[in-house]
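# Descriptive structure summary
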Amino acid sequence: MSRVLVISDIHANLAALETVLSDAEGHYDTIWCLGDVVGYGPKPNECVEIIRERANLCVMGNHDWAVLDKPGINVDDFNPQARHAVLWTRHELREENRRYLDQLPFTPVNPPGAPDILVTHASPREPVWEYILTPSVALENFSAFDDLICLVGHTHKPAIYRWHFFESFAEGSDAHNLQGMATVDYLQPPVDSSLHLDVSPTHRLILNPGSVGQPRDNDARAAYAILDLDAMTFTHVRVPYPVELTQSQMRAAKLPKRLVDRLSFGW
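Residues numbered from 1 in each chain as written. Predicted model: local features only at pLDDT ≥ 70, side-chain atom pairs only at ≥ 80, totals over all residues. Heavy atoms only, no water.

### Concerning the overall build of the protein chain
In plain terms, the rule: Runs of H or I in DSSP of at least four residues are treated as helices and runs of E of at least two as strands, each being numbered from the N terminus. Only C-alpha atoms enter the radius of gyration, while the globule expectation follows 2.2 Å times N to the 0.38, with N the number of residues. Relative accessible area decides the class of each residue, using a 1.4 Å probe on protein chains only: under 20% of the type maximum gives buried, over 50% gives exposed, and in between gives partly exposed. We call two residues in contact when some of their heavy atoms are within 4.5 Å. We get accessible surface area from the Shrake-Rupley algorithm with a probe of 1.4 Å; when it comes to residues, only the shown protein chains can shield them.
Regarding its fold elements, the protein chain presents eight helices and eleven strands. In terms of C-alpha radius of gyration, the protein chain reaches 19 Å, essentially the compact-globule figure of 18 Å for 267 residues. The C-alpha extent of the protein chain, read off along each of the three principal axes, is 70 × 40 × 35 Å. Burial statistics for the protein chain: of 267 residues in total, 55% are counted as buried. Restricting the contact set of the protein chain to residue pairs at least 6 apart, pairs at least 24 apart contribute 71%. Surface exposure of the protein chain reaches about 11,700 Å², of which carbon and sulfur atoms provide 50%.

Here it is, written out as structure tokens:
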């Protein structure tokens, strides 16, 4: 299980998912999915079935939760386009795929054989809903877990948040009064370049691989990552996929135009 294919936010985009799996072939031993297999896109059943068959680990995302009509969520709180897609997906999703989504964990999990890694959809603090988009929010979330690395999705934007804990003398104190402090840096993962993960109890990481099926970082290409647990490297990858095929499938399903158009631009 040394090399992990980390994918997130597929959003029923079969063309993107198949492209990612083909592009990553031979470079991974296992698949971890960070949730939101469905929602927005035109092929929910096909995407769920691939994840059911091939992923060794998958957690629940907020759109998976919404499609299941679970307590604590009101689909009317979604924007109109997302609400339309959720209601359409509820109608389309086959029962066996609904059952699979329903048994996915909605709290953070430690993958078997990787005790220092935490996997969740949104954040360690609010596993289904919270967006980690700034160092300040990341800093608060580092207080919610002790693992060296946490993998998250949800934002559709690849990111690395690096936490550093150190001790410093409190201002105006004597030489024996040390005070613990922590800072968080935001890093944009370099594309197709392996980043060494220097982790310790005083240097921890939150890693986001970006979105397979609906990128929102102004790059329309599908995003994924390879996490090598032996070499301790994280490689962020972008790959073009047939966007027009997904868009034609969405138009055939009468999904909202804004959801169709945004795929061309990655926003």
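### A short note on the packing of helix H2 (residues 44–54) against helix H5 (residues 95–102)
Convention followed: Note on method: axes are straight lines fitted to C-alpha atoms, helices fitted across the in-contact stretch only, with angles between N-to-C directions ranging 0 to 180 degrees. Roughly parallel means an angle under 35 degrees; roughly antiparallel, over 145; roughly perpendicular, 65 to 115; everything else is oblique. Put simply, a crossing is left-handed when the front helix is turned counterclockwise from the back one by less than a right angle, and right-handed when it is turned clockwise. Charged residues are taken to be Asp, Glu, Lys and Arg, nonpolar residues to be Ala, Val, Leu, Ile, Met, Phe, Trp, Tyr, Cys and Pro, and polar residues to be all remaining types, Gly included.
It is the contact of H2 with H5, at a shortest axis distance of 10 Å, that shows an interaxial angle of 55 degrees. In this view, H2 runs oblique relative to H5, as classed from their interaxial angle. The two elements H2 and H5 cross, and the hand of that crossing is left-handed. Residues Asn45, Val48, Glu49, Ile51 and Arg52 of H2 lie in contact with H5, whose contacting residues are Glu96, Asn97, Tyr100 and Leu101. Looking at the contact of H2 with H5, its residues break down into four nonpolar, two polar and three charged.

### Some details on empty space enclosed by the protein
Put simply, the rule reads: Definitions used throughout: a 1 Å grid over protein atoms alone; a cavity as a set of points that fits a 1.4 Å probe which cannot get out; a pocket as an open set with protein on both sides within 12 Å along at least five of seven lines; a lining residue as one with an atom within 4 Å of a point. Grid points are joined across faces, edges and corners, and a volume is the space filled by probe spheres set on the points.
Counting across every chain of the model gives one cavity of 30 Å³ or more. In this structure, the largest cavity occupies an estimated 60 Å³ of space. Forming the walls of the largest cavity are His11, Asn13, Tyr40, Gly41, Pro42, Gly213, Gln214, Thr246, Met250, Leu259, Arg262 and Leu263. Secondary-structure elements contributing two or more residues to the lining of the largest cavity are helix H7 (243–252) and helix H8 (257–262). In the lining of the largest cavity, the residues fall into five nonpolar, six polar and one charged.

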